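Next come the chains, spelled out residue by residue.
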Amino acid sequence: IALVADKTMVGTGKPVMLTWTAADVDYMEIDNGIGQVRNSTGSVVVRPTEPGMHTYTLTARNADDSGATVTRTASATVRVFSPFRKRHPPRFDEK
């Protein structure tokens, strides 16, 4: 399985596309509020609003030949920063 973010660094609230691929799985979900995904390939756009490192993890489960559950994970991390504010030069009033 694989999970990839189209950007590794964005400003708060900016879109990031997460794309996944998986084969031979019975159930998949992505954490951080995304939830279950049903197709073996797909994408979803997220807009992280808090600065910091955001890791999204795809968890896939299926049964092996003996019937035991096999869990695999893949992750993508995005660094989210606050937008820069324009700084104005100090004003000096003439007297």
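Considering the sheet that holds strand E7 (residues 52-63)
In step 1: Taken in spatial order, the five strands make up an open sheet running E2-E8-E7-E4-E5, and their pairing is mixed. Looking at which strands have only one partner, the edges of the open sheet turn out to be strand E2 (9-11) and strand E5 (35-37). Across the sheet, the mean angle separating the axes of adjacent strands is 30 degrees when strand polarity is ignored.
In step 2: With twelve bridges joining them, E7 and strand E8 (residues 69-81) adopt antiparallel strand pairing. Each bridged residue has a counterpart across the sheet, and for Gly-52 the counterpart in E8 is Val-80.

Some words on unusual backbone geometry
In step 1: One non-glycine residue, Asp-24, lies in the positive phi region at around 55 degrees.
In step 2: Within the secondary structure, Asp-24 sits in the loop between strand E3 (16-21) and strand E4 (27-30).
In step 3: On the basis of relative accessible area, Asp-24 is assigned to the exposed category, the value being 69%.

Some remarks on the pattern of salt bridges
In step 1: A complete count under the given rule lists one salt bridge for this structure.
In step 2: In this structure, the salt-bridge partner of Asp-6 is Lys-7, at a minimum N-O distance of 3.7 Å.
In step 3: By relative accessible area, which is 34% here, Lys-7 ends up partly exposed.

Considering the environment of Lys-7
In step 1: Within the secondary structure, Lys-7 is located in the loop between strand E1 (2-5) and E2.
In step 2: Each C-alpha atom, one on Lys-7 and one on Met-17, is 7.5 Å from the other, the two residues being ten residues apart in sequence.
In step 3: Apart from the residues lying within four places of it in its own chain, the contact partners of Lys-7 are Pro-15, Val-16 and Val-78.
In step 4: In this structure the side chain of Lys-7 is engaged in a polar contact, spanning 3.0 Å, whose partner is the backbone oxygen of Pro-15.

Conventions and cut-offs
Residues numbered from 1 in each chain as written. Predicted model: local features only at pLDDT ≥ 70, side-chain atom pairs only at ≥ 80, totals over all residues. Heavy atoms only, no water. Pairing = 2+ DSSP bridges. Helix = DSSP H or I, 4+ residues; strand = E, 2+ residues; numbered from the N terminus. Axes fitted to C-alpha atoms, helices over the stretch in contact; angles between N-to-C directions. Buried < 20%, exposed > 50% of the residue type's maximum accessible area, 1.4 Å probe, protein only. Salt bridge = Lys/Arg side-chain N within 4 Å of Asp/Glu carboxyl O. Contact = heavy atoms within 4.5 Å. Polar contact = N/O pair within 3.5 Å; in protein donor to acceptor, adjacent residues only side chain to side chain.

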